[in-house]
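Descriptive analysis of the structure
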Amino acid sequence: MDLPSTFLPAASLFLTFCLCMYPQLPLANPGSTGITRHYKFNIRMQNVTRLCQTKSIITVNGKFPGPRIIAREGDRLVIKVVNHVSNNITIHWHGIRQLRSGWADGPSYITQCPIQTGQSYVYNFTIIGQTGTLWYHAHVSWIRSTLYGPIVILPRRNTSYPFVKPYKEVPIIFGEWWNSDTQAVINQALQTGAGPNNSDAYTINGLPGPLYNNCASPMETFRLKVKPGKTYLLRLINAALNDELFFKIRNHTFTIVDADASYVKPFETDTIYITPGQTSNVLFKTKTLTSNAKFMMAARPYSTNAAGTFDNTTVAGVLEYMSDSMSSSSINASIKGLPLPTLPVINATSYVANWTNKFRSLGISQFPVNVPQTVQNRYYFAVGLGTDPCPKNQTCQGPINGTKFAASVNNISFTLPTTALLQARYFGKSNGVFTTDFPTTPLNPFNYTGTPPNNTMISHGTKVVVLPYNTTVELVMQGTSIFGFENHPLHLHGFNFYVVGQGTGNFNSATDPTSFNLVDPVERNTVGVPSGGWVAVRFRADNPGVWFMHCHIEIHLSWGLRMAWAVMDPNQKLPPPPSDLPQC
């Protein structure tokens, strides 16, 4: 089904940029208050040793995690990605709004075809209206298990944070380590229909810490070296494939100042909860202590689905105090006997609910709240797990005999096309690629948080929702309990949204909207659909293109918990694709 011709191009092709090796001194960016920053990402295999095992992993420039991208609000980023591995590659710049630069968003077969072996692609986008911490990761299958890194967005020059200036800023990225090949793990899970094998460890900045086995090197423990009486800014990122996490540093507290690169009203806590895909900036004030003091930090998962499996382990690091006269190498490496912080229980749903309810947008004149007060498009999406039938002459290991695990939005499990949706739509060739009949409400309503329906089978298709440009949207995402309650972190590409309400049980369209926060709701790009509950978000469809929305628990994404929004482009705001856009 082709879309209206108002989406067809009328402008000339992008300029082709000549990139030099990273790092490169930034150049002036005409027509912008920022500068242009050039990076080159060589995607290469690299031998890395963790948990006493060496394996070859996919990396950016040989680094795990990948190198840090640093920019200021208003800067243009021009990043040349060269694929030197046998796998197809795309990179998603998670949380970047990509205003009128949808060709640079990165999800495979949504905005671009993958970069094939020996090929390259230049991602070109400008950071508009965002300050804080975001991140990048591969967006093909499970390659993001090792291919990820931080994006640090500083305020514009001659401006400052709306909080105390930190003494130092430290990215802290939570991830997972797999002794096995993650591509083999997901391929086996999809073939058998069972849940996937678990990771072997969680990591902090790529390091699993001392709790996993006795042969682990001290070099495999993350050490945060601090000075007494200083304020640090920790840039937290959850890059784990499949797990939401609790994080804590023993005998210390945090002040939350940011969520997904949007400022929030500061609040204090001693325990962080963060889902895959989410980021947060937190202020961390050290105590007035003598040097050589050490405190353990730890992270472990949150999970409420008793029917599923997950990596029920703990990653640990150490906070080390040092004086001005001490060098980093002079710190005693021993951390034996240090007590771990006490973290919430694995299924601490009440803690998670209280945590998420604390977030409010900062809402000052410099950073106003622009939540839509009226709604032109309303949608109700049921998100959760279901089943597929087992193919003939095959034994499946799904939740019910003769089935395979599947996942869906409004009972539609999204099928990736073989060409990019944005390309097909832009050139008016969507017929046979996708349809625009995605259901706005569940096709077969049931008691979503009560007794599951007898029929748990789902349907499949490549369907999108079409949104008129600049209209307002209210989306209620309802969790289901077909195979147990579970939290689903939903990520929307190309937009931030305001989280105006959430609750337990089934959403009541008559009573629940009366309690929506339309004054200072938090602004995010990734939100957890509560275990056994619902969440409501609002946004304005002001960014033409095709935008992916999916669960950021990777196995749910692989099972089909994903869909796309197509935002109309009546005034041809989206430029033509760049000349080096990969072809399928």
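Residues numbered from 1 in each chain as written. Predicted model: local features only at pLDDT ≥ 70, side-chain atom pairs only at ≥ 80, totals over all residues. Heavy atoms only, no water.

**A closer look at the overall build of the chain**
In terms of regular secondary structure, the chain is built from 4 helices and 33 strands. Whereas a compact globule of 584 residues would reach a radius of gyration of roughly 25 Å, the chain reaches 23 Å, a difference of no more than 12%. Evaluated residue by residue, the chain yields a buried proportion of 59% over its 584 residues. Nonlocal contacts in the chain, meaning residues at least 24 apart in sequence, comprise 80% of its contacts between residues at least 6 apart. (Helix = DSSP H or I, 4+ residues; strand = E, 2+ residues; numbered from the N terminus. Rg over C-alpha atoms; globule rule 2.2 N^0.38 Å. Buried < 20%, exposed > 50% of the residue type's maximum accessible area, 1.4 Å probe, protein only. Contact = heavy atoms within 4.5 Å.)

**Let's talk about the pairing of strand E10 (residues 168-177)**
When you tally the buried positions in E10, you get 8 out of 10 residues, the bulk of the element. Bridge count between E10 and strand E13 (residues 231-238): 7 bridges; the pairing is parallel. Bridge pairing in E13 links Phe-174 to Asn-238. Pairing between E10 and strand E11 (residues 201-204): 4 bridges, direction antiparallel. Directly across from Trp-177, in E11, lies its bridge partner Ala-201. (Pairing = 2+ DSSP bridges.)

**Regarding the confidence of the model for the chain**
Averaged over all residues, the pLDDT of the chain is 92; the fraction at 70 or higher stands at 92%. A low-confidence stretch, residues 1-31 (pLDDT under 50), is modelled with 74 contacts involving residues beyond four sequence positions or located in other chains. Here residues 327-332 is modelled with pLDDT under 50, and outside its nearest four sequence neighbours on either side it reaches 12 contacts, counting other chains as well. (pLDDT = per-residue confidence, 0-100.)

**Section: helix H1 (residues 182-192)**
Taken together, the buried positions of H1 are Thr-182, Gln-183, Val-185, Ile-186, Ala-189 and Thr-192. Those residues of H1 that are buried are in contact with helix H4 (554-559). Where H1 starts, the residue carrying a side-chain oxygen 3.1 Å from the main-chain nitrogen of Gln-183 turns out to be Asp-181. Looking at the residues trailing H1, positive phi occurs at Gly-193, about 80°. (Polar contact = N/O pair within 3.5 Å; in protein donor to acceptor, adjacent residues only side chain to side chain.)

**A look at the packing of aromatic side chains**
A ring pair, where both rings are aromatic, is described by two values, the distance of the centres and the angle of the planes. Counted by the stated rule, this structure contains 42 aromatic pairs. Between Phe-254 and Phe-284, the ring centres sit 5.8 Å apart and the planes meet at 35°, which makes this aromatic pair tilted. Taken together, the residues span a long stretch of sequence, with Phe-254 in strand E15 (residues 254-259) and Phe-284 in strand E18 (residues 279-285) at a distance of 30 residues. As far as burial versus exposure is concerned, Phe-254 and Phe-284 are alike and both buried. Aromatic rings pair up to connect Tyr-379, Phe-381, Phe-438, Phe-495, Phe-539, Trp-547 and Trp-565 into one cluster. Above the plane of the ring of Trp-177 lies Lys-55, whose end atom (NZ or CZ) is 5.4 Å from the centre. The lysine or arginine in question, Arg-524, covers the ring of Phe-359, its NZ or CZ lying 5.3 Å from the ring centre. (Phe/Tyr/Trp six-rings, centres within 6.5 Å; stacked < 30°, edge-to-face > 60°. Lys NZ or Arg CZ within 6 Å of the ring centre and 35° of its normal.)

**With respect to the environment of Lys-429**
Here Lys-429 is to be found in the loop between helix H3 (421-426) and strand E24 (459-461). For Lys-429 and Gly-528, which are 99 residues apart along the polypeptide, the C-alpha to C-alpha distance reads 35 Å.

**Quick word on the sheet that holds strand E32 (residues 545-551)**
Across the sheet, 5 strands lie side by side as E25-E33-E32-E27-E30; this open sheet has mixed pairing. Strand pairing shows two members of the sheet lacking a second neighbour, strand E25 (464-467) and strand E30 (526-529), which therefore form its edges. Across the sheet, the mean angle separating the axes of adjacent strands is 20° when strand polarity is ignored. (Axes fitted to C-alpha atoms, helices over the stretch in contact; angles between N-to-C directions.)

**Digging into the UniProt feature "domain: Plastocyanin-like" (unreviewed entry) in the chain**
Here, the residues flagged by UniProt with the feature "domain: Plastocyanin-like" (unreviewed entry) are residues 43-157, 169-321 and 442-569. Regarding residues 43-157, the helix share stands at 0% and the strand share at 46%, and the terminal C-alpha atoms are separated by 32 Å. Overall, residues 442-569 shows 5% helix and 44% strand. The separation of its end C-alpha atoms is 28 Å. (UniProt positions renumbered as here; feature names shortened; annotations may be inferred.)

**Re the sheet that holds strand E16 (residues 262-269)**
Spatially, 6 strands are ordered E11-E10-E13-E18-E15-E16 in an open sheet, and the strand pairing comes out mixed. A single partner strand is all that each edge strand has here, and the edge strands are E11 and E16. Neighbour-to-neighbour, the strand axes of this sheet turn through a mean angle of 25°, independent of strand direction. In the sheet, E15 pairs with E16 via 5 bridges, with the strands oriented antiparallel. Counterpart to Ala-259 in the pairing with E16 is Ser-262.

**Comments concerning the state of the cysteines**
For the structure shown, the criterion picks out 2 disulfides. The disulfide partner of Cys-113 is Cys-584, and the gap between their sulfur atoms is 1.9 Å. Because the sign of the S-S torsion sets the handedness, a value of about -100° for the bond joining Cys-113 and Cys-584 places this disulfide among the left-handed ones. One end of the pair, Cys-113, is in the loop between strand E6 (91-94) and strand E7 (120-126); the other, Cys-584, is in the segment after strand E33 (562-567), with 471 residues separating them in the sequence. There is a disulfide in this structure between Cys-390 and Cys-396, and the S-S distance comes to 2.1 Å. Disulfide Cys-390-Cys-396: the torsion about the S-S bond is 80°, which places it as right-handed. Take Cys-396: its relative accessible area is 13%, and that puts it in the buried class. (Disulfide = S-S within 2.5 Å.)

**As for the pattern of salt bridges**
In the structure shown here, the tally under the stated rule is 14 salt bridges. With its nearest N and O atoms 2.9 Å apart, the salt bridge here joins Arg-97 to Asp-542. Placement of Arg-97 in the loop between E6 and E7 and of Asp-542 in the loop between strand E31 (533-540) and E32 is noted, with a sequence separation of 445 residues between them. The exposure class assigned to Asp-542 is partly exposed, which follows from its relative accessible area of 23%. With a shortest N-O distance of 3.1 Å, Lys-463 and Asp-437 are connected by a salt bridge. (Salt bridge = Lys/Arg side-chain N within 4 Å of Asp/Glu carboxyl O.)

**Side note on the environment of Pro-228**
Tracing the sequence through the fold places Pro-228 in the loop between strand E12 (223-226) and E13. With 169 residues separating them in the primary sequence, Pro-228 and Gln-397 have C-alpha atoms 54 Å apart. Leave out the neighbours within four places in its chain, and Pro-228 touches Thr-286, Lys-287, Thr-288, Leu-289, Tyr-321 and Met-322.

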